[in-house]
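Structural overview for review
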Amino acid sequence: MKEISAGGVVYRTHNGALGIQLIQDRYGKISFAKGKMEPGETVEQTALREIWEETGITGRIEAHIDVIRYQYEHPTHGTVDKEVHYYLVEAESGQHQAQVEEIRGVSWFLPLEAWKQQKEAGYNNNDHILKQALEKLNISVDER
C-alpha cells in the first residue's frame, strides 16, 4: 500500500523578525504540519489544507523543498510505503490554533531557535527539510 502526505515549513515576518512555525506532534516530537492527501487533491492543495487544519494558518507555497520516503507497519494494511512532500510556505493570514485531535501545540520560533528545537526534539529525517527551507530563506545553520 502507498500513502501520500504533504505539508510545509511555514514562515512569516512579524515586526521585522523572521519566524518559523513548528508543531509538537501527538508523540511530543517537533515537526511540521502535514497530513494525508484526500481524493481529488494535488499534493500542493493537501499541504495548504493540512497547514490550515492543524495550525489555523493560511499560506502560499513559495517552493518545493523535498520528498521524504519511508515504510511503516500498519495494523491492518501491513507494510505501507509512505511519501511526504514538503514545501516552503509563506504565512498569509490566520492565528495559531492547534488542532488538538492531531497535534499538541504550534509556535513560531526565530530561525536558529527552530533549528535547535529540530535537532533536539525533531525527527532525524526532517533535519534536511528544515535546513533546505532555511537555505531558501538565506539562512545557514551548523549541522552539528
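Before any of the text, the structure's been laid out above.
**Quick notes on the pairing of strand 6 (residues 78-94)**
Remember that side chains alternate between the two faces of the sheet whenever the strand is regular. Bridging between strand 1 (residues 2-14) and strand 6 involves ten bridges; their strand directions are parallel. Within strand 6, the position partnered with Glu 3 by the bridge is Lys 82. As judged from the 16 bridges shared by strand 5 (residues 57-74) and strand 6, these two strands associate in the antiparallel manner. Bridge pairing links Ile 57 to Gly 94 in strand 6.

**Section: the nonpolar core**
Val 9, Ile 20 and Leu 130 are the most contacted members of the largest nonpolar core, which has 21 residues in total. Sorting the residues of this core by element identifies strand 1, strand 2 (17-25), strand 5, strand 6, helix 2 (111-121) and helix 3 (127-136) as the ones contributing at least two each. The dominant element in this core, judged by the number of residues it contributes, is helix 3, at four residues. Not counting residues up to four positions away in its chain, the partners in contact with Leu 130 are Val 9, Ile 20, Phe 32, Ala 114, Trp 115 and Gln 118. Grouped together as the second largest cluster of nonpolar side chains are 13 residues, Ala 47, Ile 51, Ile 57 and Val 106 included.

**Overview of helix 1 (residues 43-55)**
End to end, helix 1 covers 18 Å across 13 residues, agreeing with the expected 18 Å (1.5 Å per residue, within 8%). Those residues of helix 1 that fall on the buried side of the exposure criterion are Val 43, Thr 46, Ala 47, Arg 49, Glu 50, Ile 51, Glu 54 and Thr 55. Looking at the buried residues of helix 1, the elements they touch are strand 1, strand 2, strand 4 (34-36), strand 5, strand 6 and strand 7 (103-109). Residue Gly 56 follows helix 1 closely and has a positive phi angle near 80°.

**Notes on the environment of Arg 69**
By the element assignment, Arg 69 lies in strand 5. In this structure, the C-alpha to C-alpha distance between Arg 69 and Ile 4, residues 65 residues apart in sequence, is 9.5 Å.

**Notes on the pattern of salt bridges**
Inspection of every chain in the model, using the stated rule, returns 14 salt bridges. Residue Glu 41 is joined to Arg 49 by a salt bridge in which the shortest nitrogen-to-oxygen separation is 2.5 Å. The two residues Glu 41 and Arg 49 agree in class, both being buried. Measuring nitrogen to oxygen at the nearest pair gives 3.6 Å for the salt bridge that ties Arg 60 to Glu 92. Here the residue Arg 60 occupies a position in strand 5, and Glu 92 occupies one in strand 6, the gap between them amounting to 32 residues. Linked through salt bridges whose partners overlap, the residues forming this network are Glu 38, Glu 41, Arg 49, Glu 50 and Glu 53.

**Digging into the environment of Glu 102**
Its place among the elements puts Glu 102 in the loop between strand 6 and strand 7. As for Glu 102 and Ala 33, which are separated by 69 residues in sequence, their C-alpha atoms are 9.7 Å apart. Excluding residues within four positions of it along the chain, Glu 102 makes contact with Arg 26 and Glu 54. Of the polar contacts made by the side chain of Glu 102, one reaches the side chain of Arg 26; its length is 3.5 Å.

Rules used in this analysis
- Residue numbers here run from 1 along each chain, matching the order of that chain's written sequence.
- Only residues with pLDDT of 70 or above have their local features reported here, since the model is predicted, and side-chain atom pairs are shown and tallied only from 80 upward, although totals for entire chains, interfaces and linings are computed over all residues.
- As a rule here, side-chain values cover all heavy atoms of the structure and leave hydrogens and water aside.
- When DSSP finds two or more bridges between a pair of strands, those strands are recorded as paired.
- Only DSSP runs of H or I reaching four residues or more are called helices, and only runs of E reaching two or more are called strands; each is numbered from the N terminus.
- In plain words, nonpolar cores are sets of buried Ala, Val, Leu, Ile, Met, Phe, Trp, Tyr and Cys residues tied together by side-chain atoms within 4.5 Å.
- Burial here depends on accessible area, computed with a 1.4 Å probe over protein chains only, as a share of the maximum for the residue type. Under 20% is buried, over 50% is exposed, and the range in between is partly exposed.
- In this description, contact between two residues means that some pair of their heavy atoms is separated by no more than 4.5 Å.
- Any helix carries an expected span of 1.5 Å times its number of residues minus one.
- When a carboxyl oxygen of Asp or Glu lies within 4 Å of a side-chain nitrogen of Lys or Arg, that pair is called a salt bridge.
- Polar contacts here mean pairs of N or O atoms no more than 3.5 Å apart (in protein, one a potential hydrogen donor and the other a potential acceptor; neighbouring residues in sequence count only if both atoms are side-chain atoms).

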